[in-house]
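So the chains spell out like this:
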Amino acid sequence: QVQLVESGGGLVQAGGSLRLSCAASGVTFSSCAMGWFRQAPGKEREFVAVISPSGSNTDYADSVKGRFTVSRDNAKNTVYLQMNSLQPEDTAVYYCAGRQGIATWYAPRRDYNYWGPGTQVTVSS
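What counts as what
Residues numbered from 1 in each chain as written. Predicted model: local features only at pLDDT ≥ 70, side-chain atom pairs only at ≥ 80, totals over all residues. Heavy atoms only, no water. Salt bridge = Lys/Arg side-chain N within 4 Å of Asp/Glu carboxyl O. Helix = DSSP H or I, 4+ residues; strand = E, 2+ residues; numbered from the N terminus. Buried < 20%, exposed > 50% of the residue type's maximum accessible area, 1.4 Å probe, protein only. Disulfide = S-S within 2.5 Å. Core = buried A, V, L, I, M, F, W, Y, C linked by side-chain atoms within 4.5 Å. Contact = heavy atoms within 4.5 Å. Pairing = 2+ DSSP bridges. Axes fitted to C-alpha atoms, helices over the stretch in contact; angles between N-to-C directions. Polar contact = N/O pair within 3.5 Å; in protein donor to acceptor, adjacent residues only side chain to side chain. Phe/Tyr/Trp six-rings, centres within 6.5 Å; stacked < 30°, edge-to-face > 60°.

(A) View of the pattern of salt bridges. In total, this model carries five salt bridges according to the counting rule given. Lys-65 is the partner of Asp-62 in a salt bridge, and the nearest nitrogen-oxygen pair spans 3.3 Å. Its salt-bridge partner being Asp-90, residue Arg-67 comes within 2.7 Å of it at the nearest N-O pair. Of this pair, Arg-67 sits in the loop between β6 (58-60) and β7 (68-73) while Asp-90 sits in the loop between β8 (78-83) and β9 (92-100); the two residues are 23 residues apart in sequence, bridging distant segments of the chain. This pair shows no difference in class: Arg-67 is buried, exactly as Asp-90 is. A single salt-bridge network, built from bridges that share partners, covers Arg-38, Glu-46, Arg-67 and Asp-90.

(B) Quick peek at the state of the cysteines. Considering all chains together, one arrives at one disulfide under this definition. Here Cys-22 engages in a disulfide with Cys-96; their sulfurs sit 1.9 Å apart. Of this pair, Cys-22 sits in strand β3 (residues 18-25) while Cys-96 is found in strand β9, placing the two residues 74 residues apart along the sequence.

(C) Quick peek at the nonpolar core. Ranked by size, the top nonpolar core spans 36 residues in total, and within it Trp-36, Leu-81, Met-83 and Tyr-94 carry the most contacts. Residue assignment for this core shows that the elements contributing at least two residues are β3, β4 (32-39), β5 (46-51), β7, β8, β9 and β11 (119-124). Each residue touching Met-83, except ones within four places of it in the same chain, is listed here: Gly-16, Ser-17, Leu-18, Leu-20, Arg-67, Phe-68, Tyr-94 and Val-121.

(D) Representation of the sheet that holds β3. Within the open sheet, the four strands sit side by side as β1-β3-β8-β7. Their pairing is antiparallel. Strands with a single pairing partner mark the edges of an open sheet, and in this sheet they are β1 (3-7) and β7. Direction aside, neighbouring strands of the sheet carry axes that sit 15 degrees apart on average. For β7 and β8, the ladder comprises six bridges, and the chain directions are antiparallel. Bridging from a neighbouring strand, Phe-68 pairs with Met-83 of β8.

(E) Main features of the side chain of Thr-78. By secondary structure assignment, the location of Thr-78 is in strand β8. Residue classification places Thr-78 among the buried positions, given a relative accessible area of 10%. A polar contact is formed between the side chain of Thr-78 and the backbone oxygen of Lys-76, at a distance of 2.8 Å. When neighbours within four sequence positions are excluded, Thr-78 is seen to be in contact with Ser-21, Cys-22, Ala-23, Phe-29, Arg-72 and Asp-73.

(F) Looking closely at the packing of aromatic side chains. Tallied over the full model, the rule gives five aromatic pairs. Ring plane angle 55 degrees and centroid distance 4.9 Å describe the contact between Phe-37 and Trp-115, whose orientation is recorded as tilted. Within this pair, whereas Phe-37 is found in strand β4, its partner Trp-115 is found in strand β10 (residues 114-115), the two being separated by 78 residues in sequence. You can call Phe-37 buried: its relative accessible area is 6%. Accessibility expressed as a relative area gives 31% for Trp-115, which makes it partly exposed. Each ring, one from Trp-105 and one from Tyr-106, has its centre 5.6 Å from the other, and the planes form 55 degrees; the classification is tilted.

So this is what it looks like as structure tokens:
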């Protein structure tokens with residue numbers, strides 16, 4: 001049974017930083033692209049960032065490029081999202097997701113197999 005569990009969310013002031021973690025179990029983590037998505041109240045879930053299975057490639061939404069950094073530790077089955085210069089518009093539930101069985105260099109934005117329950121990030125102005 002695949003499980004993804006996010007942690008590290010919370011309340012932060014504008015301009016602050018948070019680091020999200022997502023621990024995976026029940027899956028060959030090193031064969032999964034790992035993505036981060038978010039959903040704000042009243043809005044659709046949107047892509048935030050992705051890292052390829054090997055960690056060699058990353059991709060970011062334009063809205064977070066230069067502020068957020070995705071990384072992974074395959075030895076710990078964990079993916080991270082470092083979020084700097086947070087703004088109120090970054091307030092959302094953040095989800096990690098895994099997509100298995102793809103090329104080690106591939107960092108896709110869609111068609112994920114597994115999802116975590118999400119962690120709330122709230123940025124106050």
